[in-house]
2 protein chains.
Amino acid sequence: MSINEISRPICILGLGLIGGSLLRALAQASQMDSGRDNQHDQGDLVVYGYNRSPSAASTARNDGYDVSNDLIETLQRAEIDKALIVLATPMPAIAGLLDVISEHAPSCGFTDVVSVKGEVYKLVQEYGMADRYVGGHPMAGTAHSGWSASRADLFRRAVWVVTFDHAIDADPSRDWLRLWVDVVHMASKVGAEVIPARVRQHDAAVARVSHLPHLLAETLAIVGDNGGALSLSLAAGSFRDGTRVAGTAPNLVRAMCETNHVALLDALDEALSLLNDARDHLLMEDPSLADLVDNGYRSRIRFEARSGLNKEQSVSPTHISNRPVFRLHPGGPQWVNQLIQAENTGARIEVV
Amino acid sequence: MSINEISRPICILGLGLIGGSLLRALAQASQMDSGRDNQHDQGDLVVYGYNRSPSAASTARNDGYDVSNDLIETLQRAEIDKALIVLATPMPAIAGLLDVISEHAPSCGFTDVVSVKGEVYKLVQEYGMADRYVGGHPMAGTAHSGWSASRADLFRRAVWVVTFDHAIDADPSRDWLRLWVDVVHMASKVGAEVIPARVRQHDAAVARVSHLPHLLAETLAIVGDNGGALSLSLAAGSFRDGTRVAGTAPNLVRAMCETNHVALLDALDEALSLLNDARDHLLMEDPSLADLVDNGYRSRIRFEARSGLNKEQSVSPTHISNRPVFRLHPGGPQWVNQLIQAENTGARIEVV
């Protein structure tokens, strides 16, 4: 059994950038597997999807994929072949999908790709479906969206967070453990690095490194623009880089940031406290920004070292991850403690 | 007479990244001119420099440049050949240079390259030297410093701000007008786009687009780092770009931001006001970031349009500037009004 082998078909609901790319990537990986193992008689990974838009579904079918625009029919098929269902829609569509899954695919396990994990987990618990659910967050994207923007290599070397709160909050079933392993295998199969995290820890981390950057970029873009034509004419690299993500579609930015408002408030308050201190220092007779600038520099250097930004270009054709790796045996003794340790160190995991 | 012809030798004091690059760029441009015009007998542009460090001066001499490490001797030479003196040192060294220029090169005009213009102009006025001074700010740099980092192409397509307050504050002499033209010619000769601005307008603009980005980047770097290993492991493009300039040497960041503390406070207060509004909105029952995100997006799109970031890659081998151009005749009727109009529109100028 291959380390990346998934034990069941995969059914993807929603074929936008993330869902569409997942469908393409799994189909491609499955073809490569069957190319390598064509002397064996074992079945390839079956992957199929649903998209609400008939025209997008039809385009995907024309591209050679197994795609329907009938949700009920797709879920009935998933129930029959015990597929792993991937909810690849934004947050507002999740509750509706939980309703129809309850009715038409009552024995299927499922995962999701929403960028904030607390609200999804809460909803799943309210539906009493926590023993069938493993949360996921593939941290990949482009400026474009929809099936036409999707690509098979979107997740290569990207982070895919997989949550594990249910293993702590409840006594998880063997089925849940198998589901958890399959979600990890699925993410690994498309080239992502799997990082385990609990929902609260995940949401706090992305508030700091993914949502706060948007608030600061929007702010900088406005203050620069308020300076008029001279300011925009003098703007160079620091302004261009500092405002880049302000070019993201506003509805996407709002969905991420507003859904994560509790954790984002904490990160924003830390930022405001640092900026207010800097303001106090600028008001002094002999203005000094030593605290902010020295600490910010040290923090950036730490990030560069950790992410390998300052590493010499490797001559190896193989990508070597900068993240430490934990190999763990799901359900084994201490495995939850190992997960928490991996979360604390931001380590990627491999399931053995 | 060529549009870029400079009427006198150029003497550069300080051969770090900016001064060294200017020496290289002027020497190169002069060689290219003499290569083109070798049927004429006209003299090439003479350019020489001074560096405090004997070893850096010696390296520059070995690289083939006319460089001394004797300041007094260099200034005496400048006085004899009526050179344009370029103060290519940071702010703290300016007062000392004004002292020795007053004594040893009392008839030379001079310019500077300090990134904040208000403090230099104030100092020059206090020294009673405003009719011999034209402020400059070449907006170019790399992460490295010193003669070894300097390069002849550093200013190509970069902005070079040239100030003109003296034309409004006083009745400038004909010598000052000639000096102003020579500073514009010098910046044009090394490939920069010259944008005229008064010191207060310059300092306000760079506070918005050059100094505030540093404060926000330092802040983001610290808040991300405070999240520990998980946060840094999940950090991707938005964090990397948003913190990039926090990797700049702290003493350089502090020198820029602290010197410009008055204008930076205004820009920071605008940013704090926007972030505090966002905070209030996040605290509401139904959190909305519509104001910040929609306005930030519009501002970024305006910047992209203005800077040509969203333009199709041109097939032309010639670079076409995105800035409007004003052609003006220094000292002619309305020329100060034309300068103010160019400043208001962030236009580059050409002297005819």
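Parameters and conventions
- Residues numbered from 1 in each chain as written.
- Chains lettered and ligands numbered in written order.
- Predicted model: local features only at pLDDT ≥ 70, side-chain atom pairs only at ≥ 80, totals over all residues.
- Heavy atoms only, no water.
- Salt bridge = Lys/Arg side-chain N within 4 Å of Asp/Glu carboxyl O.
- Buried < 20%, exposed > 50% of the residue type's maximum accessible area, 1.4 Å probe, protein only.
- Domains from an automatic or database assignment.
- Contact = heavy atoms within 4.5 Å.
- Buried area = accessible area lost by both parts, 1.4 Å probe.
- Polar contact = N/O pair within 3.5 Å; in protein donor to acceptor, adjacent residues only side chain to side chain.
- Nonpolar A, V, L, I, M, F, W, Y, C, P; charged D, E, K, R; others polar.
- Helix = DSSP H or I, 4+ residues; strand = E, 2+ residues; numbered from the N terminus.
- Least-squares fit on C-alpha atoms with pLDDT ≥ 70 in both.

Considering the pattern of salt bridges
(1) Moving on: One pass over the structure, following the stated rule, counts 36 salt bridges over all chains.
(2) Moving on: Across the pair aspartate 153 of chain A and arginine 151 of chain A runs a salt bridge, and its minimum N-O distance is 2.9 Å.
(3) Moving on: Given a relative accessible area of 42%, aspartate 153 of chain A falls into the partly exposed group.
(4) Moving on: A salt bridge links glutamate 350 of chain B to arginine 348 of chain B; its shortest N-O distance comes to 3.7 Å.
(5) Moving on: A relative accessible area of 19% places arginine 348 of chain B in the buried class.
(6) Moving on: Taken together, the salt bridges that share partners define one network made up of Arg240 and Asp241 of chain A together with Arg244 of chain B.

Describing the domain arrangement of chain A
It is common to report an interface's size as the accessible area lost on association of the parts.
All names here are of chain A.
(1) Moving on: Split into domains, chain A comes out as domain 1 (10–197 + 321–351) and domain 2 (211–307).
(2) Moving on: Look at where the C-alpha atoms of domain 1 and domain 2 centre, and you get two points 33 Å apart.
(3) Moving on: The partner domain 2 presents six residues to the eight residues of domain 1 that form the contact.
(4) Moving on: Summing the contributions of domain 1 and of domain 2, the shared interface buries around 570 Å²; its carbon and sulfur component is 51%.
(5) Moving on: If you look at where domain 1 meets domain 2, you find zero salt bridges.
(6) Moving on: Counting the contacts that link domain 1 with domain 2 gives two residue pairs in polar contact (both at pLDDT 80 or more).
(7) Moving on: In terms of residue class, the side of domain 1 that touches domain 2 is made up of three nonpolar, four polar and one charged.

Notes on the side chain of arginine 348 of chain A
(1) Moving on: Along the chain, arginine 348 of chain A turns up in strand β11 (residues 348–351).
(2) Moving on: The contacts of arginine 348 of chain A, once residues within four sequence positions are left out, are Glu193, Val194, Ile195, Ser321, Arg323, Pro324, Val325 and Phe326 of chain A.

A look at unusual backbone geometry
(1) Moving on: With phi around 55°, lysine 82 of chain A is a residue other than glycine that occupies positive phi space.
(2) Moving on: Here lysine 82 of chain A shows up in the loop between α3 (71–80) and β4 (84–87).
(3) Moving on: Overall, lysine 82 of chain A belongs to the partly exposed group, its relative accessible area being 46%.
(4) Moving on: In this structure, arginine 157 of chain B takes a positive phi of about 65° despite not being glycine.

Let's talk about the relation of the copies chain B and chain A
(1) Moving on: Mapping chain B onto chain A is achieved by rotating through 180° and translating by 0.0 Å along the same axis, at an RMSD of 0.0 Å. Here the two chains are linked by the operation of a two-fold rotation axis.
(2) Moving on: Take the interface residues of chain B: 100% of them recur as interface residues in chain A, which is what a same-surface contact looks like.

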